[in-house]
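Architecture at a glance
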Amino acid sequence: MSETLDWISKSLCSVLPTVSKPGRYAGNEFNAARKDWTRSQVRFVLAFPEVYEIGMSHSGLGILYHILNRNPWILADRVYAPWTDMESAMRGKGIPLFGIESKRPVRDFDAVGFTLQYELHYTNILNMLDLSGIPQRSMGRSDSDPLILAGGPCAFNPEPMSAFFDAVVLGDGEEVILEIAGSIREGKLKGWNRAARLQALSRIPGVYIPSLQAGTQAQERIRARILDRLDPKNYPEKPIVPFIEISHDRYSLEIMRGCVRGCRFCNAGIIYRPARIRQSGELIRHAEKVIQNTGFDEIALSALSSSDYPDLLRLLHGMQPVLNRYGVSLSFPSLRSESFTPEMADFAATLRRSGLTLAPEAGTQRLRNVINKNNTEDDLLGALKTAFERDWRRVKLYFMIGLPTETQEDLDGIVQLVGKAVALGKKFGRKEIHVSLSPFSPKPMTPFQWDAQDSQETLERKTAYLKSKITWRAVDLSWRDPRVSRLETILGRGDRSLGDVILNAWSGGARFDAWSELFSSDKWTDAFQKAGVDPDPFTRRIPFDAPLPWDHLDKGVSKAFLKEERIRAEQASFTPDCLTGHCSRCGLTDIGVCTPESRPRRARLRLPAAADPDSPGTTVQAESGPARIPNRKETGQAGGFLRGERAGSKGYFQEDRVSPASGGGEPQSRRVQAPRRIRIAYRKGPEARFTSHLDTMRVFDRTFRRAGVAVSMSQGFHSHARLSGGPPLPLGYTSRAEYLDVELFVVPKDLEARLNFALPDGFGVEASVEIPRQAPALIQAVEWITYVLSWEGEPESGELKTGIERFLKSNSYKIVRKGKSVDIRLSVTEIRLEGDEIFMKVRTGSAGTARPEDVFRALLPAYQDWPSTLRIERTGQFAENQGRIISPMDITTGSVL
């Protein structure tokens with residue numbers, strides 16, 4: 001086992017420098033769990049079938065990772081789908097798919113748990129199994145293979161993938177994941193074979209075993225697991241902090257699970273029922289703990305509709321001092337136009353904001369009633385006006401085409417609504433409006449599950465029509481490929497006959513089908529033909545009385561309710577949402593998981609006379625009018641993270657503030673002592689060698705926040721920490737001489753100790769010193785950089801000596817870099833062999849700056865067998881000051897911190 005582990009680690013050293021974004025596979029993130037393999041009784045790897053950046057943005061995987069690892073007898077690791085270049089490199093080197101933390105082969109774990117987030121991830125799952133050396137079909141696995149589990153939204157119709165999973169988990173996973181782990185432990189202790197382990201899992205409520213229960217022929221329905229409450233202990237206070245930038249580079253604070261609205265096309269609105277909320281006081285405390293332990297600069301309120309959270313104003317009010325204290329912004333990823341209030345907009349106006357996203361879905365009120373989308377044109381335009389008045393610059397509007405009962409009038413309604421949004425935006429200056437069109441896809445367990453999907457030709461015709469009509473310059477129009485949407489419908493409503501199709505598509509090279517640049521309709525057409533399966537029936541209308549592939553799986557929402565809602569849709573009849581106190585009798589009340597006592601109610605949209613004792617926020621007296629969130633300038637709280645400063649004279653900054661007593665009006669100003677400019681020397685070890693320059697700056701930004709050191713912030717629409725580095729260290733290099741500059745208003749005496757305590761492994765602060773504010777930036781000051789190159793095995797020193805002599809005697813040595821000719825000889829001022837290492841000194845600042853690996857190859861141009869473990873370390877950076885060669889740390893005011 002240890003030999004395999006060492007071999008994987010060494011192989012990665014040669015592979016990672018050759019692939020894009022090697023940080024996806026390097027691991028070592030802050031707060032990642034590192035547990036002893038030999039002492040763990042159950043070893044679980046959580047697998048997300050997408051690239052790291054998307055998988056790390058999924059909060060559900062982080063919750064399960066936390067729940068498993070808080071138990072001392074369980075080891076939980078993670079794995080994500082390797083991008084195409086990494087897959088090619090792994091297959092070329094024979095590297096099996098491995099866990100991020102442990103670097104152990106996935107096949108060595110007891111269980112692999114896949115997240116079924118999206119139908120177009122299915123070929124990635126088969127690819128990950130193949131890279132792991134695990135038989136793809138469950139019937140081909142032996143007792144030594146891990147159990148292959150799945151859960152998530154698509155688990156409510158897993159039939160197309162049933163041949164590949166040993167077990168499927170339905171519903172909330174927080175409790176059942178530990179029951180599964182317990183069953184695995186018992187099976188290992190008692191020596192159960194694979195069949196016995198599957199029989200044991202089948203006795204756990206909410207677990208479906210496809211090989212034991214033949215789909216719609218199953219004798220009993222499998223009911224999903226539904227939590228009656230969201231337990232605060234299940235949410236990690238120390239979530240993993242990635243090194244590289246991820247898709248949603250923030251912490252998602254789940255405030256509510258489930259939706260109260262009942263949109264008839266929405267699968268998530270059904271499978272996550274009933275709505276369950278977390279208390280505002282608990283959320284505020286949790287958010288502050290997360291900020292302290294991660295350094296994230298943004299918190300996102302996570303819910304299917306965050307503006308429907310019943311106690312939103314109290315939550316926002318209580319969050320504000322926390323956010324101000326740490327210089328953290330808040331985002332609302334999911335909003336409804338009818339519940340987007342001026343109070344929410346006022347709160348967001350004090351923080352960074354990237355834009356407002358709203359989903360009218362349909363262009364006419366009739367069609368919005370059909371889909372049970374309870375908003376009006378006035379709601380949408382009112383929300384846009386509220387945003388534009390507060391200087392929102394970008395707005396995104398999402399529409400669906402091909403909805404049941406759609407007519408030409410509905411398409412024209414989209415055009416008219418977009419036109420009104422453009423006209424409204426012009427009244428407030430130049431605004432950017434992004435309009436997205438997505439084809440309707442009928443989903444299982446929704447009132448529209450029986451409906452047909454428009455043909456590809458019809459969807460293309462509708463898209464072309466809207467493209468010809470939506471031509472305003474202010475509008476950026478995008479649309480989804482109807483072929484992708486059609487495949488999504490086929491896989492979403494498919495049965496077991498699609499297993500061979502999916503396997504054929506993977507065998508034909510289908511990977512990352514959710515990525516437009518990699519999706520190939522031809523590969524899927526060939527896969528259907530090879531399997532002898534006609535895809536068209538899966539997109540046609542299904543009779544009410546026909547059996548459905550997912551009929552044996554029970555969310556608790558009755559089929560009778562879904563039929564009734566489909567009938568009401570035909571009548572364009574609206575069903576009130578749950579927060580009104582109206583119960584639509586969906587079926588959850590009948591099984592006891594949604595009661596009048598547990599059902600959330602919409603709160604009054606005003607703050608109470610005194611703050612909730614459960615909330616740490618400041619007391620605010622009730623007003624006679626609607627409640628209003630005080631903004632940052634009114635509270636006068638900056639917490640050391642001062643934004644909106646502008647340079648003043650005599651080392652001072654001037655900051656605009658609005659006096660609370662003035663009730664607004666003209667901003668007042670106060671002088672703030674100018675921040676001190678601190679230069680920090682740090683090292684970057686092997687654990688951090690695949691962290692890019694920009695990602696390194698992000699690491700330090702978060703480290704300062706974790707260390708409780710307030711950094712001065714820039715001004716402007718998107719403020720950021722005043723933090724800058726020197727010449728970027730290339731990926732794969734280590735360094736003992738890196739530097740960065742930061743501006744601090746208060747410099748703790750124990751600054752270096754604080755930073756080292758909060759830094760991830762692989763980084764270490766060596767020294768800090770104050771430098772003059774007028775000193776040149778590092779990127780301008782550094783003129784020379786020194787490196788040491790080392791390796792294992794050949795080439796030998798004799799060959800290199802000859803190569804060095806030849807290189808130094810030459811006046812020019814040109815290479816091609818990114819299509820351009822570069823003379824690397826001009827910037828190499830010194831190179832020599834010291835024992836088994838090469839020392840190199842390079843001048844910076846010119847277009848021909850030499851990279852050490854290019855020089856190494858230039859020394860032996862005919863040499864073919866390059867060392868697989870070439871190590872390059874930056875050993876020094878130097879500047880020139882009045883003829884003296886000095887370190888960047890020598891440009892000081894004379895006081896070493």
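Everything that follows concerns the structure shown earlier in this document.
Residues numbered from 1 in each chain as written. Predicted model: local features only at pLDDT ≥ 70, side-chain atom pairs only at ≥ 80, totals over all residues. Heavy atoms only, no water.

Some thoughts on the pairing of strand β1 (residues 42-48)
As a reminder of what qualifies: Each residue is assigned to one of three classes by its accessible area relative to the maximum for its type, calculated with a 1.4 Å probe on protein chains only: buried under 20%, partly exposed between the two thresholds, exposed over 50%. Only DSSP runs of H or I with at least four residues qualify as helices, and only runs of E with at least two residues qualify as strands; both kinds are numbered from the N terminus onward. When DSSP finds at least two bridges between two strands, those strands are taken to pair.
With respect to burial, β1 is a largely interior element, seven of its seven residues being buried. What you see with β1 is no split at all: V42, F44, L46 and F48 on one side and R43, V45 and A47 on the other are buried throughout. Looking at chain direction, β1 and strand β3 (residues 111-115) are connected through four bridges and run parallel. Within β3, the position partnered with F44 by the bridge is A111.

What to know about the pattern of salt bridges
Condition: Just to be clear on terms, a salt bridge is a Lys or Arg side-chain nitrogen sitting within 4 Å of an Asp or Glu carboxyl oxygen.
Tallied over the full model, the rule gives 66 salt bridges. K420 is the salt-bridge partner of E377, the closest N and O atoms lying 2.5 Å from each other. Here E377 is found in helix α14 (residues 377-389), whereas its partner K420 is found in helix α15 (residues 408-426), with 43 residues between them in sequence. When its relative accessible area of 25% is taken as the criterion, E377 is described as partly exposed. For K420, a relative accessible area of 37% gives the class partly exposed. If you follow the salt bridges from partner to partner, you end up with D172, E174, E254, R257 and R276 in one network.

Remarks on the sheet that holds β3
Inclusion rule: Two residues qualify as a contact provided that any one of their heavy atoms is within 4.5 Å of a heavy atom in the partner residue. Axis definition: a line fitted to C-alpha atoms, limited for helices to the stretch in contact. Angles are taken between N-to-C directions and run from 0 to 180 degrees.
Reading across the sheet, the six strands line up as β2-β1-β3-β4-β5-β6 and stay open at both edges, with mixed pairing between neighbours. At either end of the open sheet lies a strand with only one pairing partner, and these are β2 (74-80) and β6 (207-208). Contacts from helix α6 (residues 122-132) reach β1, β2, β3 and β4 (147-151) within the one sheet, and its direction differs from that of β3 by about 160°. Sitting on the sheet, helix α7 (residues 176-190) touches β1, β2, β3, β4, β5 (167-169) and β6, and the angle it makes with β1 is about 135°.

Things to note about the nonpolar core
Selection rule: In this text, buried Ala, Val, Leu, Ile, Met, Phe, Trp, Tyr and Cys residues form a nonpolar core when linked through side-chain atoms within 4.5 Å.
Ranked by internal contacts, the top residues of the largest apolar core, which has 82 residues, are M86, F114, F165 and W524. Beyond its immediate chain neighbours, meaning those up to four positions away, F165 contacts F114, L116, I125, S138, R141, I148, L149, A150 and P210. Formed by 63 residues, the second largest nonpolar core is a distinct cluster that contains I177, M697, F700 and V765.

Looking at the packing of helix α18 (residues 498-507) against helix α19 (residues 521-531)
Rule in force here: The cut-offs work like this: below 35 degrees is roughly parallel, past 145 is roughly antiparallel, 65 to 115 is roughly perpendicular, and the gaps in between are oblique. A clockwise turn of the near helix away from the far one marks a right-handed crossing, whereas an anticlockwise turn of less than a right angle marks a left-handed crossing.
Packing of α18 against α19 brings their axes to within 8 Å, and their N-to-C directions diverge by 135°. In terms of orientation, α18 and α19 fall into the oblique class. α19 is crossed by α18, and the crossing has right-handed handedness. Along the contact surface, α18 presents L498, D500, V501, I502, N504 and A505, while α19 presents W524, A527, F528, K530 and A531.

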